[in-house]
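# Summary of the model geometry
Residues per chain, in single letters:
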Amino acid sequence: YVLFGDLGIYAYDYDGSFVWSHDIKPRKTFMDYGAAASPIVYQGQVIYQYDNQEDSYLMSLDAKTGRERWRTPRDEPSTWATPFVWENRLRTEIVTCGKNKIRAYDLDGELLWAMDGRMSNLVIPSPFAAHGLLYLASGYVGDAHRPVYAIKPGATGEIEAGDDPTSNAYIAWYQPRAAPYNPSPIVYGDYYYTLYDLGFLTCHDAKTGVEVYGKKRFAPGASFTASPWAYNGKLFFLSEEGDTYVVEAGADYEQIGVNSLDELCLSTPAICQGKLLIRTASKLYCITNVD
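Our subject in this report is the structure included herewith. (Residues numbered from 1 in each chain as written. Predicted model: local features only at pLDDT ≥ 70, side-chain atom pairs only at ≥ 80, totals over all residues. Heavy atoms only, no water.)

Moving on, we get to the overall build of the protein. Per the secondary structure count, the protein includes 0 helices and 27 strands. Relative to the 2.2 N^0.38 estimate, which gives 19 Å for 291 residues, the radius of gyration of the protein is 19 Å and therefore close to what a compact globule would have. For the protein, with 291 residues in total, the buried portion stands at 48%. Counting contacts in the protein only where the partners sit at least 6 residues apart, residues at least 24 apart contribute 45% of the total. Taken as two groups, the 25 positive and 36 negative side-chain charges of the protein have centres that lie 2 Å from each other. (Helix = DSSP H or I, 4+ residues; strand = E, 2+ residues; numbered from the N terminus. Rg over C-alpha atoms; globule rule 2.2 N^0.38 Å. Buried < 20%, exposed > 50% of the residue type's maximum accessible area, 1.4 Å probe, protein only. Contact = heavy atoms within 4.5 Å. Lys, Arg positive; Asp, Glu negative; His and termini not counted. Charge placed at Lys NZ, Arg CZ, Asp CG, Glu CD.)

Right, here's the structure in full:
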């Protein structure tokens, strides 16, 4: 399944043969940035979030045929966070981040709950889950409020965050100024790591939100758009300059290496079947262990 911006979603089989397409009507986006949320595939559905300045919606297509199953209007301006299917102990939810509200839907597109999280002006990091909690972040660098929320499952209706979000039974923890701008955070083990665009890393306790260590800098001048990944007790951070900084996971910050590709890198690497796929400005790398 391939998404080309505001043009359409295209499906191909594993032999590379075209199967179906679904046209997307282009809409005005903030500063003409275009769309960036990736489609997600779950139980025979291709789910797509298109927040724009004119006609925002969450949509489901049949994965085999491309037929539209449902479309739910959204009262949201442009956002760029990919939605997340949260399989928690109570139910399965489609979670979306928005500037106006964080919302969760059931698999038929019906609203389950919503929260005004006073998100930042540009919403980019994607939601994810760990330790039975849902993590949401929004950290545009020009805003004073750059929140991170850890949400418990089971909410219905409107979640009231207010001035003290943790007073709500469904908000496990909250940090008012800890969110990144472009990269999504990552939980590895018991720790919640945040990569900031200008090359700083912080660490919080994933279950409580308590700071483990404050901002540590990789190298002066390094900048980041891609989200981090983790493997075998290590964290990896790919910079726009093509340098992957390797950090030992745990409560103490320790940078243990730098691997360089010497080329522009903006995309988050993909991990599949024991292989790491990295896309640079001109190349596609596949890295794996060789027996």
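Burial of strand 9 (residues 92–96) is extensive: 4 of the 5 residues sit out of reach of the surface. Bridge analysis of strand 8 (residues 84–87) against strand 9 gives 4 bridges, and the strand direction is antiparallel. By the bridge assignment for strand 9, glutamate 87 is matched with threonine 92. Between the end of strand 8 and the start of strand 9, which pair antiparallel, lie 4 residues. Here strand 9 pairs with strand 10 (residues 102–105) via 3 bridges, running antiparallel. Residue valine 95 lies in a different strand from strand 10, and its bridge partner there is alanine 104. Hairpin remark: strand 9 followed by strand 10, antiparallel, with 5 residues in the connecting loop. (Pairing = 2+ DSSP bridges.)

Moving on to the sheet that holds strand 20 (residues 211–217). A sheet is described by the order of its strands in space; here 4 strands give the open sequence 17-18-19-20, paired in antiparallel fashion. Because the sheet does not close on itself, it has two edges, and the strands there are strand 17 (186–188) and strand 20. For this sheet the average axis-to-axis angle between neighbouring strands, irrespective of direction, equals 20 degrees. (Axes fitted to C-alpha atoms, helices over the stretch in contact; angles between N-to-C directions.)

On to the side chain of glutamate 76. Locating glutamate 76 in the fold gives a position in the loop between strand 7 (68–73) and strand 8. A relative accessible area of 5% means that glutamate 76 is categorised as buried. There is a polar contact of 2.9 Å between the side chain of glutamate 76 and the backbone nitrogen of asparagine 100. Ignoring any residue separated from it by four or fewer positions in sequence, one finds glutamate 76 in contact with Asp51, Asn52, Ser56, Gly98, Lys99, Asn100, Lys101 and Arg103. (Polar contact = N/O pair within 3.5 Å; in protein donor to acceptor, adjacent residues only side chain to side chain.)

A word on the sheet that holds strand 27 (residues 284–287). Taken in spatial order, the 3 strands of this open sheet run 25-26-27, and their pairing is antiparallel. What marks the edges here is a single partner per strand, and that holds for strand 25 (270–272) and strand 27. Neighbour-to-neighbour, the strand axes of the sheet open up by a mean angle of 20 degrees, direction not taken into account. Pairing of strand 25 with strand 26 (residues 275–279) involves 3 bridges; the strand directions are antiparallel. Bridge assignment links isoleucine 271 to a residue of strand 26, and that residue is leucine 276.

Space inside the largest pocket adds up to approximately 1,300 Å³. In this structure, the largest pocket is lined by 35 residues; those nearest its centre are Ala36, Ser38, Thr82, Ser267 and Thr268. Those elements giving two or more residues to the lining of the largest pocket turn out to be strand 1 (2–4) and strand 26. Considered class by class, the residues forming the lining of the largest pocket number 23 nonpolar, 11 polar and 1 charged. When its volume is computed, the second largest pocket comes out at roughly 490 Å³. (1 Å grid on protein atoms, 1.4 Å probe; cavity = no way out; pocket = protein on both sides within 12 Å on 5 of 7 lines; lining within 4 Å. Points joined across faces, edges and corners; volume = space filled by probe spheres on them. Nonpolar A, V, L, I, M, F, W, Y, C, P; charged D, E, K, R; others polar.)

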